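Summary of structural features
Chain residues, written in single-letter form:
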Amino acid sequence: MGCFFSNRRKAEKESQPEGGEGRPKQYSWDQREKVDPKDYMFSGLKDETVGRLPGQVAGQQFLIQDCENCNIYIFDHSATITIDDCTNCVIFLGPVKGSVFFRNCRDCKCTLACQQFRVRDCRKLEVFLCCATQPIIESSTNIKFGCFQWYYPELAFQFKDAGLSIFNNTWSNIHDFTPVSGELNWSLLPEDAVVQDHVPLPTTEELKAVRVSTEANRSIVPVSRGQRQKSSDESCLVVLFAGDYTIANARKLIDEMVGKGFFLVQTKEVSMKAEDAQRVFGEKAPDFLPLLNKGPVIALEFNGDGAVEGCQLIVNEIFNGTKMFVSESKETASGDVDSFYNFADIQMGI
């Protein structure tokens, strides 16, 4: 009586090709879809409107080079993007996990979000920016910055895929590696600048399928004043702790405060330790320590006469039962803001 397994092995051996060579072994990396670099590049274009729809880049690197009078829209997240030798172009870039690097470009208008932003040997750029770290310019002139202001349905998920927080935006904190005495190589765009006047929406049928809005109250990234001169000596710090509705609560609070005439100066999302809480929250720190283990906190700075009282009223009326830190008084608020953002900037290396 023969063994079933020995009979099966014999049959398998007899079925193999002569010479003892079987089918080549397959590895997981052999099954990966081959990437064609040409699918992730716009090069040598003139007077064209081109782009990529959500899902078409999916975290790959992208290159834009030698384009003139073009409108370019990348409605997806990517790893890094380099823009070289482009002239008179309109460019939108969805969230970039790493760096965006402009080199030898001029007369371009852009909206983009990234971890790192750098400009070298460029002139006359207008950039509506969301950047997690300090933007850098080098050997460049007449570079103007505004706050990122853009929405389409897939954008929030793309920020997550790129590992970017919508609350970490240092768009106005520019570092110039090559300053010129008596001159300023960069400036901020007017606060009332209309994004769509600088970076118009796409006009081709394919790209129009992406449902874009540039209204400030719909922007995925909260529109902040950044380092513009404050309108008042009074600011208020609010810190929201991690939970199921933290982002929604932060957005609601921003809408309510801005609707009452106050200004959003800056935002931050960062993890805190017990010693950080002690330094920022002082005597109230023990109340918040158990909440720090749930995840990063979101901090908002509002400015305007009556900001502290106005914020306290909104928090008590709308967010009653949700634990938040809110500056207690006008006198202590400035110290609260300085303590938190000094700690946050150090932790984030800004």
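Just so you know, these numbers come straight off a predicted model, no measurement behind them.

This part covers the pattern of salt bridges. One pass over the structure, following the stated rule, counts 12 salt bridges. When the shortest N-O distance is used, the salt bridge between Arg 103 and Asp 84 registers 2.7 Å. Taken together, the positions of Arg 103 in strand β6 (residues 90-103) and Asp 84 in strand β5 (residues 81-84) put the pair 19 residues apart, joining distant regions of the chain. You can call Asp 84 buried: its relative accessible area is 10%. In the salt-bridge network here, residues are joined through shared partners; they are Arg 106, Asp 107 and Lys 124.

We now examine the environment of Ile 137. One can find Ile 137 in strand β9 (residues 136-138). Residues Ile 137 and Arg 118, 19 residues apart in the sequence, show an inter-C-alpha distance of 5.7 Å. For Ile 137, the residues in contact, after removing those within four places along its chain, are Val 119, Phe 145, Ile 174, His 175, Asp 176, Phe 177, Thr 178, Asn 185 and Trp 186.

On inspection of all chains with the given rule, the structure shows zero disulfides. Cys 130 provides the cysteine sulfur closest to Cys 147, a residue in no disulfide bond, and the two sulfurs are 7.2 Å apart. The exposure class of Cys 147 is buried, given its relative accessible area of 6%.

Here we take up unusual backbone geometry. Positive phi is not limited to glycine here, since Ala 58 has a value of about 50°. Here Ala 58 is to be found in the loop between β2 (49-52) and β3 (62-65). The exposure class assigned to Ala 58 is partly exposed, which follows from its relative accessible area of 47%. Positioned with a positive phi, Asn 88 is a non-glycine residue whose angle comes to about 55°. Overall, the relative accessible area of 41% leaves Asn 88 in the partly exposed class.

Summed over all chains, the structure comprises one cavity of 30 Å³ or more. Grouping the amino acids of the lining of the largest cavity by side-chain chemistry returns three nonpolar, four polar and no charged.

Attention now moves to the domain arrangement of the protein chain. On domain assignment, one finds that the protein chain holds domain 1 (37-209) and domain 2 (230-348). On a C-alpha basis, the centres of domain 1 and domain 2 stand 30 Å from each other. If you look at the interface, domain 1 gives seven residues, while domain 2 gives 10 residues. With both sides pooled, the region where domain 1 packs onto domain 2 buries about 690 Å², and carbon together with sulfur makes up 57% of that total. Broken down residue by residue, the surface that domain 1 buries against domain 2 is led by Ile 166, Phe 167 and Asn 168, which jointly contribute 73%. At the junction of domain 1 with domain 2, the criterion picks out zero salt bridges. Run the count over domain 1 and domain 2 and you get four residue pairs in polar contact (both at pLDDT 80 or more). Taken together, the residues of the side of domain 1 that touches domain 2 sort by class into three nonpolar, three polar and one charged.

A separate point is helix α5 (residues 246-259). For α5, with 14 residues, the first-to-last C-alpha span of 20 Å sits near the 20 Å given by 1.5 Å per residue. Phi turns positive, to about 95°, at Gly 261, one or two residues after α5.

This paragraph deals with helix α6 (residues 274-281). Turning to α6, its buried residues are Asp 276, Ala 277, Val 280 and Phe 281. The arc that holds the buried residues of α6, viewed along the axis, is 100°, so those residues lie on one side. In the core, the buried residues of α6 are packed alongside β13 (235-240), α7 (285-292), β16 (324-326) and α9 (330-348).

Okay, the layout of surface pockets next. Approximately 540 Å³ is the volume found for the largest pocket. Contributing to the lining of the largest pocket are 27 residues, with Ala 216, Pro 222, Val 223, Ser 224 and Val 258 lying nearest its centre. For the lining of the largest pocket, the element with the highest residue contribution is α5, accounting for five residues. The residue makeup of the lining of the largest pocket includes at least three contributed by each of domain 1 (37-209) and domain 2 (230-348). As a volume, the second largest pocket reaches approximately 270 Å³. For the second largest pocket, the lining is made up of 18 residues, of which Ser 172, Asn 173, Gly 226, Gln 227 and Gln 266 are closest to its centre.

Rules and cut-offs
Residues numbered from 1 in each chain as written. Predicted model: local features only at pLDDT ≥ 70, side-chain atom pairs only at ≥ 80, totals over all residues. Heavy atoms only, no water. Salt bridge = Lys/Arg side-chain N within 4 Å of Asp/Glu carboxyl O. Helix = DSSP H or I, 4+ residues; strand = E, 2+ residues; numbered from the N terminus. Buried < 20%, exposed > 50% of the residue type's maximum accessible area, 1.4 Å probe, protein only. Contact = heavy atoms within 4.5 Å. Disulfide = S-S within 2.5 Å. 1 Å grid on protein atoms, 1.4 Å probe; cavity = no way out; pocket = protein on both sides within 12 Å on 5 of 7 lines; lining within 4 Å. Points joined across faces, edges and corners; volume = space filled by probe spheres on them. Nonpolar A, V, L, I, M, F, W, Y, C, P; charged D, E, K, R; others polar. Domains from an automatic or database assignment. Buried area = accessible area lost by both parts, 1.4 Å probe. Polar contact = N/O pair within 3.5 Å; in protein donor to acceptor, adjacent residues only side chain to side chain. Expected span 1.5 Å × (residues − 1). Arc of directions from axis to C-beta.

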